[in-house]
Each structure stands twice: as structure tokens, then as C-alpha cells.
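Descriptive structure summary
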Amino acid sequence: MGSLDQDAGERLPQPLLDAIAPYGVVRAFPAQAILINEGDATDSLYVVLSGRVKVYASSEDGRELVLSEYGPGGYFGELSLDGERRSASIKAIEACTCRVVQGAELRRFLESHADFAMHLNRKLIRMVRRLTEQLSSIALQDVYGRVVRLLNELSEPVGEERVLRHKLTQQDIADRIGCSREMVNRVMKELTAGGYVAHRDGRIAILRKLPVAW
């Protein structure tokens, strides 16, 4: 499953951040605020200036599947350029600020900035690849394999360990790999008992290489 953290290539470079600034307004959102609801008919583009947001799809019974996350320099909402309704929801993981560019202004910006159009094309290609990998993982890997892959992808070396870049609850993990929290709980208990993982200041630390299968 491709990493849900945004790729460095998906962040707008400073020249484009500066160029798009006059086309939008800055808005602040508290943690847990819903910026976009799946099914909305709005057409604004959001550029994250600070904080983090998650992109997710949800079912009628409230279950979520997290599709991606964006931090500073990331942007979302571009799929509304086709005139269709929003295909996913966006929630602030933490307090954030965004530059909000209305659809008409975004189209005007695209007409005069071919470099943004190229950046958008590359981002959409990466998005398709990531979601294809995510779907393949859900369909072809068991829960243990999905948990291990996510932990490896979202962690970075800290001394002799690997530590997750952000704090994740078991429900957060479940939402990212398409399963129940109870199933994640069983896997994490086994990994903890086996001495493979521990918690460091609220973040999961990988103490040694995780087994390919359990």
C-alpha cells in the first residue's frame, strides 16, 4: 500500500505558492473540522499552509477509509474541475490554515500558469498509482501484512529504532488499511508481546525488523 503521507513532489514549490496567493483567501480551521463533505457541489481548491488534513471516504454506518493526508504545501479539491460533486471528504487532523481558491479563479490561474498545470498532472498520476497500490493491498494482503506495511512506510529511523512520524491510534491504523480496530488491536498486542514494537512519547516505535508473516 502506497504511503498516505504526501510525497515531496506533491507539495507546491514556493514560486507557485507565491503566484497563487492573490487568487485566494486564507481561512483557519480548528482540529476535526470538516472542510469538504463527500457529495458537495463546491468547486474550490485548498492549499494547506499549516497543519494537516486527511482525505477519506465513509460508509452509511460511519466507517472510514483514509485515502491520503496533506500537510503544508499540499493541495486538494482539484478533482472538482470536471464539474462533478466531491468524491471524498476532508477533515482537519489538527488546527490548520488553507488558502482557498474559488473554481473560477483556479481556472483563470491555470490559463496563465502552465507550470501549475504540469504540477497538477504529476500529482494526479501519483494519486492514481497510490490508490491502485492501496486497493491491491486491501484485496490481496491479510490484516497483519497491511499493518506491517503501513508501520514501515510511516516510520523513519531514530537511532537504532524506527519511529512513526505522527501519533496514530489503533482506530487511525484501521481507517488507513480498511479493517476493524479490534483486528488491529490483536496484531499490535502480538507485536508488542513479541518485542517488536513499543510506544515512545505516544508514537509507535519499531524495535526490530517486523516479520513478513505472523
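The structure presented is a predicted model; accordingly, all values stated were derived computationally and were not measured.

1. Re the packing of helix α4 (residues 143-153) against helix α5 (residues 170-177)
Contact pair α4 / α5: the axes reach a minimum separation of 10 Å and the direction vectors enclose 105 degrees. The angle between α4 and α5 falls in the class roughly perpendicular. Between α4, through V143, R146, V147, L150 and L151, and α5, the contact on the second element is made entirely by I173, R176 and I177.

2. Quick look at the UniProt feature "domain: HTH crp-type" (unreviewed entry) in the chain
The sites that UniProt annotates as "domain: HTH crp-type" (unreviewed entry) are residues 141-210. Split by type, residues 141-210 is 46% helix and 23% strand. Its first and last C-alpha atoms lie 15 Å apart.

3. Overview of the nonpolar core
General note: in soluble globular proteins, nonpolar side chains tend to be found buried as a group. V147, L151, I173, L191 and L210 are the most contacted members of the largest nonpolar core, which totals 22 residues. Of all the elements in the fold, those that place two or more residues in this core are α4, α5, α6 (181-193) and β12 (203-206). Ranked by residue count, the leading element in this core is α4, at 6 residues. Aside from chain neighbours lying at most four places away, what touches L191 is Y144, L151, Y196, V197, L210 and W214. Counting residues in each nonpolar core, the second largest holds 17 residues, with F29, A33, A88 and M127 among its members.

4. Some remarks on the environment of R107
Tracing the backbone through its elements, the reader meets R107 in helix α2 (residues 103-112). Residues R107 and L81, spaced 26 residues apart in sequence, show a C-alpha to C-alpha distance of 8.2 Å. In this structure R107 touches D43, S80 and L81, once residues within four positions along its chain are discounted.

5. Some points on α2
Residues of α2 that are buried include every one of G103, L106 and F109, and no others. Mapping the buried residues of α2 onto a view down its axis gives an arc of 115 degrees, with all of them on the same face. What points out from α2, more than 90 degrees from its buried face, is the exposed set A104 and E111. Elements that come into contact with the buried residues of α2 comprise α1 (14-20), β3 (45-50), β8 (96-101) and α3 (114-140).

6. Observations concerning the environment of D175
If you trace the backbone, D175 turns up in helix α5. A residue is classified by how much of its surface remains accessible, and D175, at 10% relative accessible area, is buried. Apart from residues no more than four positions distant in its own chain, D175 is found in contact with E64, L65 and V66.

7. Brief notes about the packing of α5 against α6
Helix-helix packing: each pair is described by the crossing angle between the helix axes and the interaxial distance. Where α5 contacts α6, the two axes come as close as 8 Å, and the packing angle between them is 110 degrees. If you check the angle between α5 and α6, you find them roughly perpendicular. Judged by the twist between their axes, the crossing of α5 over α6 is right-handed. Where α5 abuts α6, its residues Q170, Q171, I173, A174 and I177 lie against R181, V184, N185 and M188.

8. Some words on the sheet that holds strand β2 (residues 34-36)
Within the open sheet, the 4 strands sit side by side as β2-β7-β4-β5. Their pairing is antiparallel. A single partner strand is all that each edge strand has here, and the edge strands are β2 and β5 (64-70). Here the average twist between neighbouring strands, direction ignored, is 35 degrees. One ladder, built from 2 bridges, connects β2 with strand β7 (residues 89-92); its direction is antiparallel. Residue pairing in the sheet places I36 in a bridge with I90 of β7.

Reading the values: rules and limits
Residues numbered from 1 in each chain as written. Predicted model: local features only at pLDDT ≥ 70, side-chain atom pairs only at ≥ 80, totals over all residues. Heavy atoms only, no water. Axes fitted to C-alpha atoms, helices over the stretch in contact; angles between N-to-C directions. Helix = DSSP H or I, 4+ residues; strand = E, 2+ residues; numbered from the N terminus. Parallel < 35°, antiparallel > 145°, perpendicular 65-115°, else oblique. Contact = heavy atoms within 4.5 Å. UniProt positions renumbered as here; feature names shortened; annotations may be inferred. Core = buried A, V, L, I, M, F, W, Y, C linked by side-chain atoms within 4.5 Å. Buried < 20%, exposed > 50% of the residue type's maximum accessible area, 1.4 Å probe, protein only. Arc of directions from axis to C-beta. Left-handed = near helix turned anticlockwise from the far one by under 90°. Pairing = 2+ DSSP bridges.

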